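# A structural walkthrough
Each chain, letter by letter, is given below.
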Amino acid sequence: MTKINKQVQLEQQPEGTPNEKDFRVVETEIPSPKNGEFLAKNLFLSLDPYMRGAIAGKHMGHSRLNQGDLIGGRCVSEIIESNNSTYKVGDRIVIESGWQEYVLSSGQKEHGIRIINKSKSSLSASLGVLGMPGLTSWAGVECLSKPTLGETFVVTAAAGPVGGTAGQLAKLKGAHVVGVAGSKEKCIVATDQYGFDACINYNDANWLDNLSKECPKGIDVYFDNVGGLVLDQISDQLNLYGRIILCGFVSQYNNKEWHGHNLGKYVGKRANLLSVVVYDYYNRFDEFLNVAIPLVESGRMKYKEDRVVGIDSAPKHFSKLMAGKNVGKAVVEFG
Ligand SMILES: NC(=O)c1ccc[n+]([C@@H]2O[C@H](COP(=O)([O-])OP(=O)(O)OC[C@H]3O[C@@H](n4cnc5c(N)ncnc54)[C@H](OP(=O)(O)O)[C@@H]3O)[C@@H](O)[C@H]2O)c1
């Protein structure tokens, strides 16, 4: 029996929005675990916007990838062979595996391993609402911006895992939650599935007027996932002493040059600009999960996935994500 481990490597550095041609799928041999190592079979791969910067060497701690390098990424995996006393056959874990079907690990910290056996929720949720994106939302809402009853909370990329979770957490605090998203379909997810009070499609003419109508008392918290012009424009509706969570700049990741800002308006508004980096909160993962797992399992916290099957589909699905066409958390299920 051939033991093939398909993996996705970089073919060439993307220019602008990544394209399938920037990647190549190759077949390698499945490695055998030595003493102290384990082998896991990947079940789900997470595709995330930060990967665009990681490939280009512009994301924190990531070196620029060269032709033939394995694309990095987190997976939910099941251990199928183990010579490591901490990790047992059958354990389900989240691990920094890269875009491949099998992963060999020595169980070291740099592999970012988290055992997820305890969660009854769908395993792929550990890459979204119960994973890194969910933790990001929790940090931005619970730890930094702390919206209160009756405050107005606006969030962009509202149908995605960070935006969708952030809005639902703010709603649980009693805030008036308004999403901003790039299509009618995404807005329906935000209102009908996540329970936001309203959602504005920024591709509609007069969207800023529509936003203003849905935020009659102005914006107290703006959770920004996109940066660029949209950040600039929504900030005009921020109340005095309002808070802005600077979470992501996805509108800029495919660009060589970034859109600049008139920072003067933030001074005039005495705005609190609060930056979130999820890595600072990894030591609080359990605290977050203690809140989030019961919410997800009881159905009070909803999530949506944009899922494809098979590692061969990963480049196309990533291209879709980086074109902003995904509706929900981008995930690849291994066949
Ligand atoms: N600070 C941190 O530690 C941290 C951690 C995780 C994620 N993030 C950031 O949080 C943001 C949301 O992440 P996510 O995983 O929840 O992503 P996501 O919402 O599933 O996908 C990205 C979304 O961004 C929007 N977008 C706006 N302009 C875009 C453009 N020019 N190209 C592509 N997409 C564009 C699109 O939604 P619309 O059509 O609705 O605009 C797209 O669907 C990203 O900026 C990400 O980098 C930050």
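From a predicted model like this one, the values you see are computed outputs, not experimental measurements. (Residues numbered from 1 in each chain as written. Predicted model: local features only at pLDDT ≥ 70, side-chain atom pairs only at ≥ 80, totals over all residues. Heavy atoms only, no water.)

### Focus on helix α4 (residues 184-193)
Looking at α4, one finds that the buried residues are Lys-186, Cys-187, Val-189 and Ala-190. The buried side chains of α4 occupy one side of the element, clustering within an arc of 155° when seen end-on. Looking at α4, the residues exposed on the side facing more than 90 degrees away from the buried face are Lys-184, Glu-185 and Asp-192. Those residues of α4 hidden inside the fold are in contact with β9 (176-181) and β10 (198-201). Looking one or two residues past α4, Gly-195 carries a phi angle of roughly 80°, positive in sign. (Buried < 20%, exposed > 50% of the residue type's maximum accessible area, 1.4 Å probe, protein only. Helix = DSSP H or I, 4+ residues; strand = E, 2+ residues; numbered from the N terminus. Arc of directions from axis to C-beta. Contact = heavy atoms within 4.5 Å.)

### Topic: the environment of Phe-334
Looking at the element boundaries, Phe-334 is found in the segment after β15 (329-333). As for Phe-334 and Val-309, which are separated by 25 residues in sequence, their C-alpha atoms are 5.8 Å apart. If sequence neighbours within four positions are ignored, Phe-334 has contacts with Asn-42, Leu-43, Phe-44, Leu-45, Cys-75, Gln-100, Glu-101 and Ile-311.

### A short note on the domain arrangement of the protein chain
Domain boundaries assigned for the protein chain yield domain 1 (4-128 + 304-333) and domain 2 (132-279). The distance between the C-alpha centroids of domain 1 and domain 2 comes to 28 Å. Between domain 1 and domain 2, the residue contacts involve 20 residues of the former and 16 residues of the latter. Buried area between domain 1 and domain 2, summed over both chains or domains, comes out near 1500 Å², and the portion from carbon and sulfur atoms is 56%. Here domain 1 is connected to domain 2 by zero salt bridges. (Domains from an automatic or database assignment. Buried area = accessible area lost by both parts, 1.4 Å probe. Salt bridge = Lys/Arg side-chain N within 4 Å of Asp/Glu carboxyl O.)

### Points about the site of the ligand
Around the ligand sit 28 residues in total, of which Lys-186, Tyr-202, Tyr-253, Val-276 and Asn-326 are the nearest. Take Cys-247: an N or O atom from its main chain is 2.8 Å from a nitrogen atom of the ligand. Contact distances for the ligand include 2.8 Å between an oxygen atom and a backbone N or O atom of Val-278. Compared with its free state, where it exposes 900 Å², the ligand has 89% of that area covered by protein. At the level of elements, α2 (132-145), α3 (161-172) and α9 (314-322) are the ones that each hand at least two residues to the shell around the ligand. Looking at the shell around the ligand residue by residue, the classes come out as 18 nonpolar, nine polar and one charged. (Near = heavy atom within 4 Å. Polar contact = N/O pair within 3.5 Å; in protein donor to acceptor, adjacent residues only side chain to side chain. Areas by Shrake-Rupley, 256 points an atom, 1.4 Å probe, with all protein chains shown as cover. Nonpolar A, V, L, I, M, F, W, Y, C, P; charged D, E, K, R; others polar.)

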